[in-house]
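Structure assessment
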Amino acid sequence: MAGLSLDLIALQLFAGLALGAIYVLFAIGLSLIFGMLTVVNFAHGAFYMVGAYVGVYILMLGGDFWICLIAVPLLVGLFGVAVERVLIRPLYGRGIDYPLLLTFGLSYVMVEFVRIAFGKTGFPFDTPEILQGAVNIGVGYFPLYRLFVIGATATVLLALWLFLEKTSFGLIIRAGARDPQIVRVLGVDVARVWLIVFGIGTAIAGFAGLLAAPLQGVIPEMGGTILAEAFVVTVVGGMGSIGGAVLAGLLVGVVVSMTSLFAPEMAKVSIFALMAVVLIIRPQGFFGRAGLMS
Amino acid sequence: MSWFQFATRHRASIASLVVLVFPLVMPFTALAVNILIYGLYALGFNLVYGYLGLLSFGHAALFGTGAYLCGIAIVHFALPWYAAIALGILGGLLMAALIGVLAIRTRGIYFAMVTMALSQCVYYLFYQAVDWTGGENGLRGINVRVIDIFGIKLNFINPLTRYYVIAAFVIAAFFVLSRILASPFGAVIEAVRENETRAKASGYDATVTRLITFVLSGGFCGLAGALQALHLSIVPIEILHYDTSGVVVMIALLGGMGTFFGPMIGAAAFLLLENLVSVWTVHWQLIVGAVFMICVLFFPAGIWGTLISRGKP
């Protein structure tokens, strides 16, 4: 098999990492929100889609991609904050299913709003000029933009890690995830912390949508598919674990990428097979605490 | 005896009577047929969500498998209609067993995520089996014109006849479900929902109860899917889409989860609303989504649930 050299496999591995980077960003937002608020955000895909559309809108207004990188997470995050404050907060203490159902309804509304504002057909999203082309990474030429996606994801992860581990607000978030009752007793306004965490999670989802836009185009339904796949990532990695989300996200990306090299028709199914295996062997996921699942 | 007790005791008969007179008050019989089928689908879903307390976001896989197997039996094997329906039910049961075995290893919120992911997997599998399912174009040519029962030939093209043929199956499902719920096993289902530890301490296996309930739910949803295939004479691939799983969650919540009449009332309310709204806008999902959110925020017990909370002593 001359065509299937080691270089090709290495390149495909990198492509898998770039794809995985999007999953990672999507899933850490989901995981962060769940870890703190115990809310499974079914509208996470819709926030991701809105992120891409805000990017499209900024480009229409004459902005460039670099403005998008700052403005998209900011705007989507603010929108997320508003959603938490107005819609999700009244549901705390009413059972774990209700916020899930509410965000599910919200995703319909958001997708339909975007269809009204931007049409049903979607847009292509050009890769910014400086990031076009490919670079030699030792094993062959690799698209520069995908390298940028990996780099941007690593930057976000590093910033998030520093924020959570090295700032006093991060300390409150980690404490709140473990025992919100005690944190409240210590005089911290937990509701405000939850508001900010929901904002950060949705901001990262919007950012992920923007990064994915040049790779796959922008359509109103783009959030639905990735939501199901991100659930696989969270189940494999362990719910509420950020480390697990990172590892599982990259793993899922690589698995999709490798199966599309060897058996393209099985690429979409492979990640669900991965989930099935993990559920049988280790139902709580890689980094999930045993018993958290039940 | 209050009206509520009376309604509970004769729930299957009352539901059947309503179903029998229903087309007389509906503007279009086609809409009435849709309400029947989606009501049956929600009935099966409600068994898992309402009575067992597990939120599934993957019921499209059960409904869709029933529809596809019924369609494949007719299109590829030219089997008679009753064999096709039986295969549809079997398909729903088997798919539920497959998904159930994996998904009941998780609880609570994870159950919703895992069922959704697995049903997405089923979507891709059926999408790729083009020879059997027609892939993106859907499975076409499920033409059943005459329903032959012991020599009596019924014209399935006639809307009213079609309604009553489908209603016969739905009524049978009412009685089967009512029987299951009234049985000791039905009590165990609710015991597992209310307090798993106590149910276990009483000697019941919670995991097996969950699995059996999920599989039974698959049977009802498979039947609903099979009837849908006969009704539409095509199985679109969208039947397995995530939206089909979502719709049934909305219907069950709108009608009142964990109640016997809730799913049918929810289906009627949901489809009438969808029908009314789509007359004046194509963006009916906006209204439906908003109504659902209002329901979650202010009327979590649903239409029927709110009514009986007043009728209960």
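Residues numbered from 1 in each chain as written. Chains lettered and ligands numbered in written order. Predicted model: local features only at pLDDT ≥ 70, side-chain atom pairs only at ≥ 80, totals over all residues.

In terms of helices and strands, chain B carries 15 helices and four strands. Reported as C-alpha extents along the three principal axes, the dimensions of chain B are approximately 50 × 45 × 40 Å. Of all 313 residues assigned to chain B, the portion counted as buried reaches 50%. Within chain B, contacts between residues separated by at least 24 positions form 75% of all contacts whose residues are at least 6 apart in sequence. (Helix = DSSP H or I, 4+ residues; strand = E, 2+ residues; numbered from the N terminus. Buried ≥ 20, exposed ≤ 12 C-beta atoms within 10 Å, placed from the backbone. Contact = placed C-beta atoms within 7 Å.)

Before going further, it helps to examine the overall build of chain A. Within chain A one finds eleven helices and two strands. Starting at the N terminus, the α and β elements of chain A follow one another as α-α-α-α-β-β-α-α-α-α-α-α-α. What you see for chain A is a C-alpha radius of gyration of 19 Å, in line with the 19 Å of a compact globule of 294 residues. Structurally, chain A occupies a C-alpha span of about 65 × 50 × 35 Å along its principal axes. By the burial criterion, 49% of the 294 residues in chain A qualify as buried. (Rg over C-alpha atoms; globule rule 2.2 N^0.38 Å.)

Further remarks concern the environment of Ile72(B). Within the secondary structure layout, Ile72(B) lies in helix α4 (residues 59–75). In this structure, Ile72(B) is in contact with Trp132(B) and Leu139(B), ignoring residues within four places of it in sequence.

This brings us to the pairing of strand β3 (residues 152–155) of chain B. Two strands pair when backbone bridges link them, and strand β2 (residues 146–149) of chain B and β3(B) are joined in this way by four bridges, in the antiparallel orientation. Counterpart to Ile147(B) in the pairing with β3(B) is Leu154(B). (Pairing = 2+ DSSP bridges.)

In this section: helix α11 (residues 206–232) of chain B. All names here are of chain B. The terminal C-alpha atoms of α11, which comprises 27 residues, lie 38 Å apart, in line with the 39 Å expected from a rise of 1.5 Å per residue. Counting buried positions over the 27 residues of α11 gives 21, a clear majority of the element. Downstream of α11 by one or two residues, Ser233 has phi in the positive range, about 55 degrees. (Expected span 1.5 Å × (residues − 1).)

Now for the interface of chain A and chain B. Taken residue by residue, the interface counts 34 residues in chain A and 34 residues in chain B. Those elements that provide at least two residues to the side of chain A that touches chain B are α4 (97–118), α9 (222–237) and α11 (267–281) of chain A. At 14 residues, α4(A) tops the list of elements feeding residues into the side of chain A that touches chain B.

Our focus in this paragraph is helix α14 (residues 284–298) of chain B. Because an α-helix packs 3.6 residues into every turn, residues spaced three or four apart end up facing the same way. Residues and elements named next belong to chain B. With 15 residues, α14 extends 21 Å from end C-alpha to end C-alpha; this agrees with the ideal 21 Å at 1.5 Å per step. When α14 is considered as a whole, its buried residues turn out to be Gln285, Val288, Gly289, Phe292, Cys295 and Val296. Relative to the axis of α14, the buried residues are bounded by an arc of 120 degrees and lie together on one face. Structural note: α14 exposes Ile294 and Phe298 on the side pointing more than 90 degrees away from its buried face. (Arc of directions from axis to C-beta.)

A few words on the nonpolar core. Ranked by size, the top nonpolar core spans 204 residues in total, and within it Phe26(A), Val252(A), Met275(A), Cys70(B) and Ala117(B) carry the most contacts. Per-element tally for this core: the top contributor is helix α1 (residues 6–37) of chain A, with 18 residues. (Core = buried A, V, L, I, M, F, W, Y, C linked by C-beta atoms within 7 Å.)

Glancing now at the environment of Val192(B). Residue and element names in this part refer to chain B. Along the chain, the position of Val192 falls in helix α9 (residues 184–194). Between the alpha carbons of Val192 and Ile109 there is a distance of 16 Å; along the sequence they are 83 residues apart. Not counting chain neighbours up to four residues away, the residues in contact with Val192 comprise Leu52, Ala199, Ala206, Thr209 and Arg210.

For the rest of this paragraph, the subject is the packing of α4(B) against α11(B). Axes are the key here: two packed helices are described by the angle between their axes and the distance separating the axes. Residue and element names in this part refer to chain B. Two elements in contact, α4 and α11, have axes whose closest approach is 7 Å; the angle formed by their N-to-C orientations is 50 degrees. Taken as axis vectors, α4 and α11 run oblique relative to one another. Considering only the axes of α4 and α11, their crossing is right-handed. Taking contact as the criterion, the partners of His59, Leu62, Phe63, Gly64, Thr65, Gly66, Ala67, Cys70 and Gly71 in α4 are, on α11, Gly218, Cys221, Gly222, Leu223, Ala224, Gly225, Ala226, Gln228, Ala229 and Leu230. Among the residues forming the contact of α4 with α11, the class breakdown is ten nonpolar, nine polar and no charged. (Axes fitted to C-alpha atoms, helices over the stretch in contact; angles between N-to-C directions. Parallel < 35°, antiparallel > 145°, perpendicular 65-115°, else oblique. Left-handed = near helix turned anticlockwise from the far one by under 90°. Nonpolar A, V, L, I, M, F, W, Y, C, P; charged D, E, K, R; others polar.)

Residue and element names in this part refer to chain A. Two numbers describe how α9 lies on α11: the axes approach to 10 Å, and their chain directions differ by 25 degrees. When the axis of α9 is compared with that of α11, the two are roughly parallel. Classified by chirality, the crossing of α11 by α9 is left-handed. When α9 is examined against α11, the residues Glu229, Val232, Val235 and Val236 are found in contact with a partner set consisting of Ile271, Phe272, Leu274, Met275, Val278 and Leu279. Classifying every residue of the contact of α9 with α11 gives nine nonpolar, no polar and one charged.

Not every positive phi belongs to a glycine, and Thr38(A) is a case in point at roughly 45 degrees. Among the structural elements, Thr38(A) can be located in the loop between α1 and α2 (44–60). A positive phi angle, close to 50 degrees, is found at Ala78(B), a residue other than glycine. Residue position: Ala78(B) is located in the loop between α4 and α5 (81–103). Residue Ala78(B) is classed as exposed on the basis of its 8 C-beta neighbours within 10 Å.

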